Amino acid sequence: MKIVILLGAPGAGKGTVAARVATGISARHISTGAMLRDAVAKGTPAGTAAKTFMDKGELVPDNVLVDMVDELLAAAASEDILLLDGFPRTLNQARSLETLVARHNVAVDLVVYLDVPESVIMERLCGRRVCSCCGAVFHITTLPPKQEGICDLCGSELIIRDDDKPETIHNRLLVYEKLTAPLVAMYNAENKLVHVNGVGTADDVAESVAAILKR
Ligand code: AP5
Ligand code: MG
């Protein structure tokens, strides 16, 4: 199993790209943010605890995420490629991931960094709409659904993510710069980092990432 990390700021398009790439090749997309939102929606104890952090744009404590990813690695042992979207996002999580993958006899092969300027990020986050049922991601202008407010995939209502309020977006970007951006330098020093231009149509960006994965 090949482990590929998708790195990028909030709104860079990690989820959008991963969903497209994972349907084109034999790969499994794992979004820790989506998993946490699912736990919140189900009202599990972990979800209830995570919500207080997520609503403020803060990171959920590392131990919750590390346990979650450990279970996923075990469950995904037969996959060709694992696309990690949203994990790791601290140096501590990156170190824990090294330990976890070694335990599962695999390694982090590649880290794809989506380069997107902050002005584009703000437009993307402010116009994002997500399906209240299946989590599919749309944008009111760049990736609109066929019918306004309705998910193309399952027909459910589209909503604004709780953490897409302007003040929460601001904090998420600060947290990203402080805690996650240092991973870019770390993976670059390990010769695992590949930069991809994240500006362009979602299909074009996904195609660039898929081409790198096929190399
Ligand atoms: P998470 O869900 O991972 O949020 P994030 O990192 O802030 O990233 P986003 O999902 O906001 O952006 P994205 O890059 O996926 O962009 P998207 O594809 O949606 O995490 C949420 C929270 O969970 C965190 O704040 C934290 O509290 C917690 N959490 C998660 N993981 C954690 C961890 N490891 N440790 C601790 N806490 C954790 O695209 C954005 C918009 O742009 C969409 O509207 C889309 O349609 C549009 N778009 C995308 N690509 C394009 C394109 N090429 N052209 C035009 N529009 C595009
Ligand atoms: Mg996402």
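Residues numbered from 1 in each chain as written. Chains lettered and ligands numbered in written order. Predicted model: local features only at pLDDT ≥ 70, side-chain atom pairs only at ≥ 80, totals over all residues. Heavy atoms only, no water.

Visitor: Would you mind going over the overall build of the protein with me for this structure?
Guide: Along the backbone of the protein there are 9 helices and 8 strands. Relative to its length of 215 residues, the protein is compact, with a C-alpha radius of gyration of 16 Å against a globular reference of 17 Å. With the C-alpha coordinates aligned to their principal axes, the bounding extent of the protein is approximately 45 × 40 × 35 Å. Across the 215 residues of the protein, 47% fall into the buried class. Counting only contacts in the protein whose residues sit at least 6 apart along the sequence, the fraction spanning at least 24 positions is 73%. When the accessible surface of the protein is summed, it comes to about 10800 Å², and 54% of that surface belongs to carbon and sulfur atoms. (Helix = DSSP H or I, 4+ residues; strand = E, 2+ residues; numbered from the N terminus. Rg over C-alpha atoms; globule rule 2.2 N^0.38 Å. Buried < 20%, exposed > 50% of the residue type's maximum accessible area, 1.4 Å probe, protein only. Contact = heavy atoms within 4.5 Å. Areas by Shrake-Rupley, 256 points an atom, 1.4 Å probe, with all protein chains shown as cover.)

Visitor: In this structure, what is going on with the sheet that holds strand 5 (residues 128–131)? I would like to understand it.
Guide: Note on sheets: strands pair through backbone hydrogen bonds, and any given pair is parallel or antiparallel. The strand order across the open sheet formed by 3 strands is 6-5-7, and the pairing between neighbours is antiparallel. The open sheet has two edge strands with one neighbour each: strand 6 (137–139) and strand 7 (158–159). Bridge analysis of strand 5 against strand 7 gives 2 bridges, and the strand direction is antiparallel. By the bridge assignment, Cys-131 is partnered in strand 7 with Leu-158. (Pairing = 2+ DSSP bridges.)

Visitor: Just checking my understanding: could you explain the pattern of salt bridges for this structure?
Guide: Side chains carrying opposite charge are able to pair once their charged atoms draw close together. The full count for this structure, using the stated rule, is 11 salt bridges. Residues Arg-128 and Asp-164 are paired through a salt bridge, measuring 2.9 Å at the closest nitrogen-oxygen approach. With Arg-128 in strand 5 and Asp-164 in the loop between strand 7 and helix 7 (166–180), the pair connects residues that are 36 residues apart, well separated along the chain. Residues Arg-128 and Asp-164 agree in their burial class; the two are buried. The shortest N-O distance in the salt bridge between Asp-163 and Arg-172 comes to 3.7 Å. The burial state of Asp-163 is the same as that of Arg-172; both residues are buried. A single salt-bridge network, built from bridges that share partners, covers Arg-128, Arg-161, Asp-163, Asp-164 and Arg-172. (Salt bridge = Lys/Arg side-chain N within 4 Å of Asp/Glu carboxyl O.)

Visitor: Looking at this structure, how should I read helix 7?
Guide: Because each turn of an α-helix spans 3.6 residues, side chains separated by three or four positions in sequence point in the same direction. Between its first and last C-alpha atoms helix 7 spans 20 Å; for 15 residues at 1.5 Å apiece the expected length is 21 Å, and the two agree. Among the residues of helix 7, those classed as buried are Thr-168, Ile-169, Asn-171, Arg-172, Leu-173, Val-175, Tyr-176 and Thr-180. (Expected span 1.5 Å × (residues − 1).)

Visitor: Honestly, the sheet that holds strand 1 (residues 2–7) in this entry has me stumped. Any pointers?
Guide: Pairing in this open sheet of 5 strands is parallel, and the strands run 2-3-1-4-8 from one edge to the other. Each edge of the open sheet carries a strand with a single partner, namely strand 2 (27–31) and strand 8 (193–197). Between one strand axis and the next, the sheet turns by 25° as a mean value, whatever way the strands run. Of the strands in this sheet, strand 1, strand 3 (81–85) and strand 4 (108–115) touch helix 5 (residues 91–103), which is tilted by about 140° from strand 4. Across the face of the sheet, helix 9 (residues 202–214) comes into contact with strand 1, strand 3, strand 4 and strand 8 while running at roughly 155° to strand 8. (Axes fitted to C-alpha atoms, helices over the stretch in contact; angles between N-to-C directions.)

Visitor: Please explain the nonpolar core as it appears in this structure.
Guide: Counting 59 residues, the largest nonpolar core has Leu-7 and Leu-83 as the members making the most contacts within it. In this view, Leu-83 contacts Val-4, Ala-18, Val-21, Ala-22, Ala-27, Arg-28, His-29, Ile-30 and Leu-213; residues no more than four positions away in its chain are not counted. Counting residues in hydrophobic clusters, the runner-up holds 5 residues, among them Cys-131, Ala-136, Phe-138 and Cys-151. (Core = buried A, V, L, I, M, F, W, Y, C linked by side-chain atoms within 4.5 Å.)

Visitor: Hey, could you run me through the environment of Thr-180 in this one?
Guide: Along the chain, Thr-180 falls in helix 7. Note: C-alpha distance between Thr-180 and Thr-90 (90 residues apart in sequence) is 5.2 Å. Non-local contacts of Thr-180, meaning those with residues more than four positions away in its chain, are made with Leu-7, Arg-89 and Val-175. Only 2.7 Å separates the side chain of Thr-180 from the backbone oxygen of Arg-89, close enough to count as a polar contact. (Polar contact = N/O pair within 3.5 Å; in protein donor to acceptor, adjacent residues only side chain to side chain.)

Visitor: Quick question: what am I supposed to make of the site of ligand 1 here?
Guide: Every one of the 37 residues lining ligand 1 counts as a neighbour, but Thr-16, Glu-58, Arg-128, Phe-138 and Arg-172 are closest to it. Here a nitrogen atom of ligand 1 and a side-chain polar atom of Arg-124 are 3.3 Å apart. Contact between ligand 1 and Gly-200: a nitrogen atom at 2.9 Å from a main-chain N or O atom of the residue. Isolated, ligand 1 exposes 1000 Å² of accessible area, and the fraction of that covered by the protein chains is 96%. Contributing elements (two or more residues each) for the shell around ligand 1: helix 1 (14–24), helix 2 (32–42), helix 6 (118–126), strand 6 and helix 9. (Near = heavy atom within 4 Å.)

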